[in-house]
Amino acid sequence: MKGISVSGTGTAAGAPDLAFISLGVEVMARSVAEARDAAASNATAVLSALRSQGLEAADLTTTALSIHPEYDHREGRRLRGYRVTNGVEVKVRSVETVGDVIDAAVAAGGDTTVVHGVHFAHEDSEHLGASARDAAWEDAMGKAAQLASLSGVTLGQVVSITEQTHGPPIGLVRSMSREAAPAAPVEPGLLGVTVTIEVQFAID
């Protein structure tokens, strides 16, 4: 079938309303029992501090729990001790409080605290997708109309449409060690949704 095929792209952006923080505690000790007990105690303190920031149980998800030996290989294979890691993902619904949440966790966990990163998201990105789709359609229609005019044909009905949506990118990824300074600065920025459509028009 003769026709005109074009692609259109549209993007819409908005401020995120959710943040996800990956953090936890990491303890190294001579024995498994010592490392486990210290990690459990510090993890409990961190969770308590997070709840004091208004977070609920549903906002806290354990993502890592590991115990493994560590060896010094400089002179043979000498056991250095055992490392215990307890990680949690924290869902923060008020993005302006992310820095306070991180600071509370670091204060509670002390030198055993590890903050792996932060990323932002939209709880409902459908409205951004709709706006991006409108923009993609306008882009495709403009291209098709121009091509029809240049070639001296009349643009007919739409024959087919396909769509590709690229979700919001990660707004911010931070990696911070247990020595992170207090009052951690966090900027969420804007997150965008991009829609690309392929449209085929009949021609008269």
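Here the structure is shown first, and the text comes after it.
Residues numbered from 1 in each chain as written. Predicted model: local features only at pLDDT ≥ 70, side-chain atom pairs only at ≥ 80, totals over all residues. Heavy atoms only, no water.

**Student:** What exactly am I supposed to notice about the sheet that holds strand β7 (residues 191-203) here?
**Tutor:** Within a sheet, adjacent strands bond to each other through the backbone by hydrogen bonds, running parallel or antiparallel. Taken in spatial order, the three strands line up as β1-β7-β6 in an open sheet, and their pairing is antiparallel. Looking at the sheet topology across the chains shown, the edges are occupied by β1 (3-14) and β6 (155-166). Each strand axis lies, on average, 20° off the axis of its neighbour in the sheet, ignoring direction. Against the sheet, helix α3 (residues 126-151) engages β1, β6 and β7, with an angle of about 150° to β1. (Pairing = 2+ DSSP bridges. Helix = DSSP H or I, 4+ residues; strand = E, 2+ residues; numbered from the N terminus. Axes fitted to C-alpha atoms, helices over the stretch in contact; angles between N-to-C directions. Contact = heavy atoms within 4.5 Å.)

**Student:** Help me out: how do you make sense of the nonpolar core in this one?
**Tutor:** The nonpolar side chains of soluble globular proteins are, as a tendency, buried together. Within the largest apolar cluster, 28 residues are counted, with the highest numbers of intra-cluster contacts made by I21, L23, L50, V90 and V98. Residue assignment for this core shows that the elements contributing at least two residues are β2 (18-29), α1 (32-52), β4 (78-92), α2 (98-109) and β5 (113-121). Ranked by residues supplied to this core, first place goes to β2 with six residues. Non-local contacts of L50, meaning those with residues more than four positions away in its chain, are made with L23, L55, L60, V90, V101 and A105. One finds A12, A148, V195 and F201 within the second-largest nonpolar core, a separate group that totals 14 residues. (Core = buried A, V, L, I, M, F, W, Y, C linked by side-chain atoms within 4.5 Å. Buried < 20%, exposed > 50% of the residue type's maximum accessible area, 1.4 Å probe, protein only.)

**Student:** Got a minute to help me understand the side chain of H122 in this structure?
**Tutor:** Secondary-structure assignment places H122 in the loop between β5 and α3. The buried category is assigned to H122, whose relative accessible area is 12%. Polar contacts involving the side chain of H122 include one to the main-chain carbonyl oxygen of G14, which spans 3.0 Å. (Polar contact = N/O pair within 3.5 Å; in protein donor to acceptor, adjacent residues only side chain to side chain.)

**Student:** What am I meant to see in the pairing of β7 here?
**Tutor:** Remark: a regular strand shows side chains that alternate across the two faces of the sheet. Of the strand pairs in this sheet, β1 and β7 are connected by twelve bridges, and their pairing is antiparallel. Directly across from A12, in β7, lies its bridge partner V193.

**Student:** Just to check I follow, could you spell out α1 for this structure?
**Tutor:** Along an α-helix, residues three or four positions apart point the same way, because every turn accommodates 3.6 residues. Here α1 is 21 residues long and its end C-alpha atoms lie 30 Å apart, about the 30 Å a rise of 1.5 Å per residue gives. The set of residues buried in α1 consists of A35, A39, N42, A43, V46, A49 and L50. Relative to the axis of α1, the buried residues are bounded by an arc of 120° and lie together on one face. Away from its buried face, by an angle of more than 90 degrees, α1 presents the exposed residues T44 and S52. Buried-residue contacts for α1 involve β2, β3 (60-72), β4 and α2. Two residues or fewer past α1, G54 is found with a positive phi of approximately 90°. (Expected span 1.5 Å × (residues − 1). Arc of directions from axis to C-beta.)

**Student:** Honestly, the sheet that holds β2 in this entry has me stumped. Any pointers?
**Tutor:** The strand order across the open sheet formed by four strands is β3-β4-β2-β5, and the pairing between neighbours is antiparallel. Whereas interior strands pair on both sides, the edge strands pair on one side only; in this sheet they are β3 and β5. Strand-to-strand twist across the sheet, computed as the mean angle between neighbouring axes with direction ignored, equals 15°. Pairing geometry for β3 and β4, over twelve bridges, is antiparallel. Along β4, the bridge assignment pairs H68 with R83. Helix-sheet contacts for α1 involve β2, β3 and β4, and the interaxial angle to β2 is about 155°. Sitting on the sheet, α2 touches β2, β4 and β5, and the angle it makes with β5 is about 165°.

Structural measurements only, silent on function.
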